[in-house]
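Spelled out from the first residue to the last, the chains are:
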Amino acid sequence: MEKQVTLLSSQLFQKHRQVEVVLNRSVLAWKPVEKSRKPCSGTCDSVQSYSVEVCEIVAVRKTEDDDQDAAQTGKHQKKTKQLYPYAFTVSYVRRTRQHQWRCSEVTFHCANQALCEEWVQVTNEQLSLLTNRPKSLLVYINPFGGKRHGKRIYEQKVAPMFRLAGIATTVIVTERANHAEDHLKTEANLDKYDGVVCVGGDGMFSEVLHGLVARTQNDHGVDQNQPDAELVPCSLRIGIIPAGSTDCICFATVGTNDPVTSALHIIVGDSQPMDVCSVHHNDVFLRYSVSLLGYGFYGDVLSDSERNRWLGPARYDLAGVKTFLSHNYYEGTVSFLPAEDDVGNPRDKLQCRSGCSICQHNRSSKDEHGDVSEEKEKPGKDDSSDWNEIHGKFIAINAANMSCACPRSPKGLSPFAHLADGNADLILVRNCSRLDFFKHLLRHTNKDDQFDHPFVEVHRVRKFRFEPECHKLVSLEDLSEPPTKTGYSTPLGSWSCDGEILPEVAIQVSVQCQLIRLFARGIEEQQQQQQQCVSDDPCTLCALEPTTD
Ligand SMILES: CCCCCCCCCCCCC/C=C/[C@@H](O)[C@H](COP(=O)(O)O)NC(=O)CCCCC
Ligand SMILES: Nc1ncnc2c1ncn2[C@@H]1O[C@H](COP(=O)(O)OP(=O)(O)O)[C@@H](O)[C@H]1O
Ligand SMILES: [Ca+2]
């Protein structure tokens, strides 16, 4: 292992004791100088030092007198202030339960001003070397998403952290649907920004996605209407501050729907590539999807829920019950191009986690500039002979481009789907009894396998098409009732595309591998989650309360 060069090492004062503080390029560490130390009385085994990775330091600043006065009221503290009148505070990421991050602080007191300023300067120099961190962000807030708390969440929980981290922001509170999308497509000067942040739900994310992808394709002269066009990846990353109803894109990429955690992932400059499904009808571009493309059950839930938007997130529960009771099924033909053999399968129990090897493997197929390697260009890869075709009556047809985990279903619609493997999991739920369908739905909420039913099949696919049963095609004049979809006499459902209803039922879908990047890192494994306590008395990692939320 490479030996780390010490940049600074000093004896400083922290709380009521003297500490040896050391900074190298990757770690800030400190430990008490005294020989005798009481063990940690918290939940961890006490060892003798604390450490914070430099890449997880949010900010370092000189501690103002006011801050010191507020923190130091006791006799000891007054004495500390006399002996060590200068201080600096380091704000850093602390992992708590269930993938949540918090911003903690530690203040070091110094005997002389020059030393204090040196610590602030050298630590800041190290932070400035972290070039993946955003310096300037364009933020869109949907004030009406979810429980309508978006503006408050941003102002109270997120903006102060961005300020602390020295990130400049341009904030736009949207005034109508499609405001963010239109602004990104035509007006925004994107050269000024290192990323775009949306405050809202999956629908708001979808707006930002459409705006950014369309803008990028326009700038590069790529026609989105061509289903086989090689789309150019977006250079700006997208951050999501969850303030919507489902927020599954945030949940499935971070592991929690928590604004403070998401803000910290943005600040430290995380990057998570994401696949995007492009959806076409007869060679006309319809929409992109990142989470769920659902026909039948989820399409019906979505259409019904739109009527009750005023209910907020609860609209989905009401619509879910109504749709379940109506127990509709839809006939049609699904054709799909299976994934390559080396990318796993939807039941292999290999969860997509931070640094996922399956997604990393696929990364090699697209270089930094979005050029496609020879491997992907091999002729015959899309041979019509590779396509499979299934005809049937379906209660639901779901294409999950990622797990679609969310608080309603913590493991998601397809628990082993991958964020960036270039494939989607296509789930076909054939017509079955209400009770069987209920059992299938229930398994989305517990540990049982929702695919382990004779009426459910699931395939990992690169592309798929759906054609509704249309042999009873009639002329428009024959239809006395307004048709659900023009020209068909058999009942048609609709596709929900990340929470938007598609205007067409017959669709062609193609997964665009790693078209965008988020300010996220994928869900961390449990070991990464539990930051090891390396403290002593009193153990701040065990006992400190969050300081920012
Ligand atoms: C007997 C209990 C059954 C419970 C079954 C729960 C299964 C839940 C699966 C949820 C998948 C969610 C996929 C995400 C879709 C979102 O993109 C979309 C829009 O989100 P937003 O803009 O934040 O509102 N949300 C939905 O389509 C809602 C699906 C809710 C289904 C009950
Ligand atoms: N100012 C606004 N007024 C009305 N609708 C808006 C506004 N801003 C965004 N929207 C639309 O609201 C829809 C839902 O937003 P979203 O933030 O996803 O909330 P939810 O998760 O509750 O559906 C999105 O499709 C978006 O286009
Ligand atoms: Ca995928």
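About the criteria used
- Residues numbered from 1 in each chain as written.
- Chains lettered and ligands numbered in written order.
- Predicted model: local features only at pLDDT ≥ 70, side-chain atom pairs only at ≥ 80, totals over all residues.
- Heavy atoms only, no water.
- Helix = DSSP H or I, 4+ residues; strand = E, 2+ residues; numbered from the N terminus.
- Contact = heavy atoms within 4.5 Å.
- Areas by Shrake-Rupley, 256 points an atom, 1.4 Å probe, with all protein chains shown as cover.
- Axes fitted to C-alpha atoms, helices over the stretch in contact; angles between N-to-C directions.
- Parallel < 35°, antiparallel > 145°, perpendicular 65-115°, else oblique.
- Left-handed = near helix turned anticlockwise from the far one by under 90°.
- Nonpolar A, V, L, I, M, F, W, Y, C, P; charged D, E, K, R; others polar.
- Donors = N, O, S within 2.8 Å, 3.2 Å for Na, K, Ca; no water.
- Tetrahedral: all angles 85-135°; square planar, octahedral: opposite > 155°, others 65-115°.
- Buried < 20%, exposed > 50% of the residue type's maximum accessible area, 1.4 Å probe, protein only.
- pLDDT = per-residue confidence, 0-100.
- Salt bridge = Lys/Arg side-chain N within 4 Å of Asp/Glu carboxyl O.
- Near = heavy atom within 4 Å.
- Polar contact = N/O pair within 3.5 Å; in protein donor to acceptor, adjacent residues only side chain to side chain.
- 1 Å grid on protein atoms, 1.4 Å probe; cavity = no way out; pocket = protein on both sides within 12 Å on 5 of 7 lines; lining within 4 Å.
- Points joined across faces, edges and corners; volume = space filled by probe spheres on them.
- Expected span 1.5 Å × (residues − 1).
- UniProt positions renumbered as here; feature names shortened; annotations may be inferred.

## A few points about the overall build of the protein chain
In step 1: Along the protein chain, the regular secondary structure elements total 15 helices and 21 strands.
In step 2: A sequence separation of at least 24 residues applies to 75% of the contacts in the protein chain between residues at least 6 apart.
In step 3: When the accessible surface of the protein chain is split by element, carbon and sulfur atoms take 48% of a total near 25500 Å².

## What to know about the packing of helix H5 (residues 179-187) against helix H6 (residues 202-219)
In step 1: Two elements in contact, H5 and H6, have axes separated by 8 Å at closest approach and are oriented at 15 degrees. Here H5 is positioned roughly parallel relative to H6, judged by the angle of their axes. The way H5 lies across H6 gives a crossing that is right-handed. Across the interface between the two elements, His179, Ala180, Glu181, Leu184, Lys185, Thr186 and Glu187 from H5 touch Met204, Glu207, Val208, His210, Gly211, Leu212, Ala214 and Arg215 from H6.
In step 2: The class makeup of the residues in the contact of H5 with H6 is six nonpolar, four polar and five charged.

## Description of the coordination of the calcium ion (ligand 3)
In step 1: Distances from the calcium ion (ligand 3) to its protein donors, Asp275 (OD), Asn401 (O), Asn401 (OD1), His418 (O), Asp421 (OD) and Asn423 (O), fall within 2.4 to 3.2 Å.
In step 2: Of note is the calcium ion (ligand 3), whose six donor atoms meet at the metal with angles of 61 to 151 degrees in an arrangement that counts as irregular.
In step 3: Within one chain, the residues donating to the calcium ion (ligand 3) are spaced in sequence as D-x125-N-x16-H-x2-D-x1-N. Here aspartate 275 is found in strand E12 (residues 272-281), whereas its partner asparagine 423 is found in the loop between strand E16 (388-400) and strand E17 (424-430), with 148 residues between them in sequence. Side by side, aspartate 275 and asparagine 423 carry an identical accessibility label, which is buried.

## Notes on the confidence of the model for the protein chain
In step 1: A residue-level look at the protein chain finds 83% of positions with pLDDT of 70 or above and a mean pLDDT of 87.
In step 2: Taken together, the stretch residues 365-380 has pLDDT below 50 and engages in 18 contacts with residues farther than four places along the chain or on a different chain.
In step 3: Here residues 529-549 is modelled with pLDDT under 50, and outside its nearest four sequence neighbours on either side it reaches 66 contacts, counting other chains as well.
In step 4: Under the prediction, the complex receives an ipTM of 0.97, its pTM being 0.89.

## Some remarks on the pattern of salt bridges
In step 1: Applying the stated criterion across every chain yields a total of 21 salt bridges.
In step 2: Residue arginine 347 is joined to aspartate 449 by a salt bridge in which the shortest nitrogen-to-oxygen separation is 2.8 Å. On the criterion of sequence distance, the pair formed by arginine 347 in the loop between strand E15 (330-338) and helix H11 (357-363) and aspartate 449 in the loop between helix H13 (434-442) and strand E18 (456-468) is long-range, its members being 102 residues apart.
In step 3: By relative accessible area, which is 27% here, aspartate 449 ends up partly exposed.
In step 4: By sharing partners, the salt bridges in this structure join Glu56, Arg95, Asp270, Arg521 and Glu524 into a single network.

## Comments concerning the site of ligand 1
In step 1: The environment of ligand 1 is formed by 22 residues, the closest being Asp202, Gly203, Thr246, Ser291 and Tyr316.
In step 2: At a separation of 2.9 Å, an oxygen atom of ligand 1 approaches a polar backbone atom of threonine 246.
In step 3: The separation between an oxygen atom of ligand 1 and a polar side-chain atom of tyrosine 316 is 2.6 Å.
In step 4: Compared with its free state, where it exposes 780 Å², ligand 1 has 88% of that area covered by protein.
In step 5: Those elements that place two or more of their residues in the shell around ligand 1 are H6, helix H9 (297-306), helix H10 (314-326) and H13.
In step 6: By residue class, the composition of the shell around ligand 1 is ten nonpolar, eight polar and four charged.

## A closer look at empty space enclosed by the protein
In step 1: Applying the stated criterion to the full structure yields four cavities of 30 Å³ or more.
In step 2: Taken as a whole, the largest cavity encloses approximately 50 Å³ of empty space.
In step 3: Forming the walls of the largest cavity are Gly296, Phe297, Asp300, Thr323, Phe324, His327, Asn328, Ile395 and Phe437.
In step 4: Among the elements of the structure, H9 and H10 are those that each provide at least two residues to the lining of the largest cavity.

## A closer look at the site of ligand 2
In step 1: Around ligand 2, the surrounding shell holds 21 residues, and the nearest of these are Gly146, Thr174, Gly201, Glu207 and Ser245.
In step 2: A distance of 2.9 Å separates an oxygen atom of ligand 2 from a polar atom in the side chain of asparagine 142.
In step 3: Here a nitrogen atom of ligand 2 and a side-chain polar atom of threonine 174 are 2.7 Å apart.
In step 4: Among the elements that make up the shell around ligand 2, the one with the highest residue count is H6 (four residues).

## Observations concerning helix H3 (residues 113-128)
In step 1: An ideal rise of 1.5 Å per residue puts 22 Å on 16 residues; H3 measures up with 22 Å between its terminal C-alpha atoms.
In step 2: Taken together, the buried positions of H3 are occupied by Cys116, Trp119, Val120, Val122, Thr123, Gln126 and Leu127.
In step 3: Buried-residue contacts for H3 involve strand E1 (6-14), strand E2 (17-24), strand E3 (27-32), strand E5 (57-62), strand E6 (86-95) and strand E7 (101-110).
In step 4: For H3, the N-terminal capping position is held by asparagine 112, with its side-chain oxygen 3.2 Å away from the main-chain nitrogen of alanine 114.

## Quick word on unusual backbone geometry
In step 1: Notably, aspartate 247 is not glycine yet its phi reads approximately 55 degrees, a positive angle.
In step 2: For aspartate 247, the position within the fold is in the loop between strand E11 (237-242) and helix H7 (248-254).
In step 3: Classification of aspartate 247 by relative accessible area gives buried; the value is 6%.

## What to know about the UniProt feature "domain: DAGKc" (unreviewed entry) in the protein chain
In step 1: Per the UniProt record, the feature "domain: DAGKc" (unreviewed entry) sits at residues 132-283.
In step 2: Between the C-alpha atoms that bound residues 132-283 the distance is 38 Å, and the span itself is 38% helix and 22% strand.

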